[in-house]
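The residues making up each chain are set out below.
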Amino acid sequence: MEGSYWRLVLVVCVGLALVPSRSGESVGGGSSVTPHGHLQPIGNQVPPVGMVEVLQDVPHPRDFYHKYVKPGKPVVFKDAAKETAAFKLWTDEYLSAQYGDLEVEVEEGKKENRTWPAYSMPFREFLSTYKSKDIYLVESIEPELRGEFMLLKNLLCGGFLDYLQDAVMWFSSGGTKSVLHFDAVDNINCLFEGSKELFMVDRKEYKHIDIDHQEGSFSGVDVEKVDLHKYPGLKDVPWYNATMEAGDCLFIPYKWFHHVRSTASDQKRNVAVNIWFAHLYRFDEEDCSKRGDLPDFEPLSKYKFVATAEQIRSMLLEAFELEERESISTEDLEHVTIDIDSSDEVDMSYKLDIFETLDLNKDFVVTVDEVYQVPTEHLVELFPDFSPDGPLGDNEDENEPHGHDEF
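Computed from a predicted structure; not experimentally measured.

Once that is clear, we can look at empty space enclosed by the protein. Considering all chains together, one arrives at four cavities of 30 Å³ or more under this definition. The volume enclosed by the largest cavity comes to roughly 70 Å³. If you go around the largest cavity, the residues you meet are L102, V104, F123, L137, E139, S140, I141, E142, L145 and M169. The element best represented in the lining of the largest cavity is strand β6 (residues 135-140), accounting for three residues. Taken together, the residues of the lining of the largest cavity sort by class into seven nonpolar, one polar and two charged.

This is how it looks when you write it as C-alpha cells:
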C-alpha cells in the first residue's frame, strides 16, 4: 500500500513538471518552447492546405463569375498572357525606345516598406539602372501603354468592364517581397517575365491574420522572420500556395490575404501588370447577350477606370449581406455592421441615413438593384472620405497611381 502511494506521488510530480506555464516555461523551470517556424520566412510555420487551382483555358465571364468571383476562389489561368501584345513586345529595348520619356514611379528596397517614399524618374533611366540597384517600379499604366496591355476574355462582359479601378505595372530585377496584406477589390495579375510565389489566405480565416496597419490593410509582420509570439495566428493558419510563371495570370479575390515573392528570369527581369476591379454582387447577363461572341483579348485602351468611390457599393452590399439574400429591410439594420477604414462602426442614425439614400422607391426595402442604381455622388455624400480629396479617394487624376499594395 505504501509503495502504491509513493508511485502515485511520483507520477503526479512528473506530470506537473511537464505542464507548460502561461509564460511558455515548464513548472519545473525548463526553457520556453519555441513555436515551429518562429523567426523563419512566412509559410514555414505550417504546410499549405493546397495549391490554387490552375486552368488551361480562360473561362467565359459567366463561368468566371459564378465559379470564382462570387464564391471568392483564386485561380491561375495558365499561359493566358502569352499571346498578348505586351508579352511579345515589352523588352527593355522596346520600352526604352517607345516610352523612355515617360515619368515613372520608383520605390527603393525590394522588401516592401510602406514608410519609404517613392520618387519619379524617366522610364529610360529606370530601364538602364534597375538591374544594378535595389529599386523597383510600381506605376499605373500610362495611357500610351494601355493599347498593348490586354484584358482577358473573362472580363469582357457581365459588368466587370464598368468597374475597372486601376492597372499597375510591377517591374524589377527580381527578389522583391511584399507585405502580408489584402485588397478591397478583385485583382487579376498577369506575369510577363520571371516568376512569383504567393502565400494566400482565405478572407474567412481573418482571425489568423493580424492587420495591425488598418490604414493600409496590411500586417506589420516581418515576412522573412515571422515572430510567432507577436503574430500567433500564423502558427496554424490555413494557407494556399500559388506559383506563377511567365505568361500566367492569377485571379486574387477581394479581401484574400496574400504575400508575394518575385524572382527574376534569365534576363534578370520580373515584369507584371495587375488589373483591379470592384467586386460585383450581380452578373449582368444582358450585357453578355449584347456583346455576343467574345474575343480572347481586348486592349485596356478601349475602357476607362471608374472612381475609387465605387468601392462604397461593394462595402454596402457586403455589409447588407446582399450576396446571400435578395433584399434588406429597416428591421435588419440592427444586425448590420458598417466599418469605414478602421474607424468605429457607424451608429443606427447613420445606418438609417444610408438606408434612406439607397431605398430609391421608398418601400422600406433595399435591393441589390437599388444599390447599383444610386448615383456615385450620393454615395460620396454619405462617405466623404471616398471623395477625390478624401483620404480614401483618388487624389490624383485617372492617369496617376492610386494606392499600391501588390508585387
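Alright, that's what it looks like, and here's the rest.
Turning our attention to the pairing of strand β4 (residues 103-108). Where β4 lies against strand β5 (residues 118-122), five bridges are found, and the strand directions are antiparallel. Each bridged residue has a counterpart across the sheet, and for E105 the counterpart in β5 is S120. The pairing of β4 with β6 spans three bridges and is classified as antiparallel. Residue pairing for β6: V106 is matched across the bridge by L137.

The next subject is the state of the cysteines. This structure, assessed with the given rule, holds two disulfides. Each sulfur of the disulfide joining C157 and C288 lies 2.0 Å from the other. In this structure, the disulfide formed by C157 and C288 twists by about 85° around the S-S bond and is classed as right-handed. Of the two residues, C157 is situated in the loop between β7 (150-152) and β8 (164-172) and C288 in helix α6 (residues 285-291); the sequence distance between them amounts to 131 residues. This pair shows no difference in class: C157 is buried, exactly as C288 is. Here C190 connects covalently by a disulfide to C249, the sulfurs 2.1 Å from one another. On the sign convention where negative means left-handed, the S-S torsion of about 110° between C190 and C249 marks this disulfide as right-handed. Remark: C249 occurs in strand β13 (residues 249-252) and C190 occurs in strand β10 (residues 186-193); sequence separation between them is 59 residues. Here C249 falls in the buried class, since its relative accessible area comes to 0%. Taken N- to C-terminal, the disulfide-bonded cysteines of the chain are connected 1-4, 2-3.

All right, on to the confidence of the model for the chain then. Looking at the chain, the pLDDT average stands at 87 and 85% of residues meet or exceed 70. Here residues 395-407 scores under 50 on pLDDT; set against residues more than four positions off or in separate chains, the count is 53 contacts.

Rules of the game
Residues numbered from 1 in each chain as written. Predicted model: local features only at pLDDT ≥ 70, side-chain atom pairs only at ≥ 80, totals over all residues. Heavy atoms only, no water. 1 Å grid on protein atoms, 1.4 Å probe; cavity = no way out; pocket = protein on both sides within 12 Å on 5 of 7 lines; lining within 4 Å. Points joined across faces, edges and corners; volume = space filled by probe spheres on them. Helix = DSSP H or I, 4+ residues; strand = E, 2+ residues; numbered from the N terminus. Nonpolar A, V, L, I, M, F, W, Y, C, P; charged D, E, K, R; others polar. Pairing = 2+ DSSP bridges. Disulfide = S-S within 2.5 Å. Buried < 20%, exposed > 50% of the residue type's maximum accessible area, 1.4 Å probe, protein only. pLDDT = per-residue confidence, 0-100. Contact = heavy atoms within 4.5 Å.

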